[in-house]
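A look at the structure
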Amino acid sequence: GDSVTQMEGPVTLSEEAFLTINCTYTATGYPSLFWYVQYPGEGLQLLLKATKADDKGSNKGFEATYRKETTSFHLEKGSVQVSDSAVYFCALSGGGKLIFGQGTELSVKP
Amino acid sequence: EADIYQTPRYLVIGTGKKITLECSQTMGHDKMYWYQQDPGMELHLIHYSYGVNSTEKGDLSSESTVSRIRTEHFPLTLESARPSHTSQYLCASSEGTGASYRSSYEQYFGPGTRLTVT
């Protein structure tokens, strides 16, 4: 069945460092891909999305490109801030529902 | 901005009590979902609904039940709470079949209810 695999956390970075969180997927058909962010004590918020191959989703300095050839949707940000500390979830649409990865915790130190 | 609400935000309750977690959305979305999030952060779909009077069990077996009598309301009930039910419960909604094929999968989440059963 469809599945999403994220790089394991926690990831700890210094402020202004470059961020990559890897996400790969297995799916039949042509799913949409999403990154959600969960700040402490809150629900999930949609960060960005891409609906077809080669689409780039972007928001708040974060970017991810839908790569069908490598079945990947890696999240990147050029310069992280302390306020980016959160849990990040990669997800794909499958069977009318969202299938989530296991989440990657990011901690950014000043 | 998404408008989906959950109450209570935090609940501590004794074993054997009956509880209902409330979830409401004002976006007119047809689809609604309940997730259980364990301390390791992983999300598990426990119930979903594609419209009024429609409810389905999710991927993770749960002793909870749900109802969908009104479009905007999707409460979750535990008849007899146990310590193993201690978890974070997240409600979400998405557009139904009236939306484009792609956008219908984007889900909007409530703030969650953190349940502790002692």
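So, on to the pattern of salt bridges. Pairing between side chains becomes possible if they bear opposite charge and their charged atoms approach one another. Under the defined criterion, the tally for this structure stands at eight salt bridges over all chains. Glu106 of chain B is paired through a salt bridge with Lys49 of chain A; the nearest N and O atoms lie 2.5 Å apart. Residue Glu106 of chain B is located in the loop between strand E9 (87-94) and strand E10 (108-109), and its partner Lys49 of chain A is located in strand E6 (residues 44-50); the two belong to separate chains. Of the residues examined, Lys49 of chain A reaches a relative accessible area of 34% and is grouped as partly exposed. Among the salt bridges present, the one from Glu63 of chain A reaches Lys56 of chain A, with a minimum N-O distance of 3.6 Å. Look at Glu63 of chain A and you get partly exposed, because its relative accessible area is 34%.

Before going further, it helps to examine the interface of chain B and chain A. Taken together, the contacts link 22 residues of chain B with 24 residues of chain A. Between chain B and chain A, a total of about 1800 Å² is buried, with carbon and sulfur atoms accounting for 55% of that surface. Run the count over chain B and chain A and you get two salt bridges. The tally of links from chain B across to chain A stands at five residue pairs in polar contact (both at pLDDT 80 or more). Of all the secondary-structure elements, those providing two or more residues to the side of chain B that touches chain A are strand E4 (31-37), strand E5 (43-51) and E9 of chain B. Residues that form the side of chain B that touches chain A fall into these classes: 11 nonpolar, five polar and six charged.

In this section: unusual backbone geometry. Here the residue pair Gly9 of chain A and Pro10 of chain A is connected by a cis peptide bond, since its omega of -5° sits within 30 degrees of zero. Cis geometry is found at the peptide bond from Thr7 of chain B to Pro8 of chain B, where omega equals -10°. Locating Pro8 of chain B in the fold gives a position in the loop between strand E1 (4-7) and strand E2 (10-13). The phi dihedral of Glu16 of chain A falls on the positive side, at around 75°, and the residue is not glycine. On the secondary structure map, Glu16 of chain A appears in the loop between strand E2 (11-14) and strand E3 (19-21). Under the relative-accessibility criterion, Glu16 of chain A is labelled exposed at 60%. The phi dihedral of Thr71 of chain A is positive, around 45°, even though this residue is not glycine. In this structure, Thr71 of chain A sits in the loop between strand E8 (62-65) and strand E9 (75-77).

Calculation notes
Residues numbered from 1 in each chain as written. Chains lettered and ligands numbered in written order. Predicted model: local features only at pLDDT ≥ 70, side-chain atom pairs only at ≥ 80, totals over all residues. Heavy atoms only, no water. Salt bridge = Lys/Arg side-chain N within 4 Å of Asp/Glu carboxyl O. Helix = DSSP H or I, 4+ residues; strand = E, 2+ residues; numbered from the N terminus. Buried < 20%, exposed > 50% of the residue type's maximum accessible area, 1.4 Å probe, protein only. Contact = heavy atoms within 4.5 Å. Buried area = accessible area lost by both parts, 1.4 Å probe. Polar contact = N/O pair within 3.5 Å; in protein donor to acceptor, adjacent residues only side chain to side chain. Nonpolar A, V, L, I, M, F, W, Y, C, P; charged D, E, K, R; others polar.

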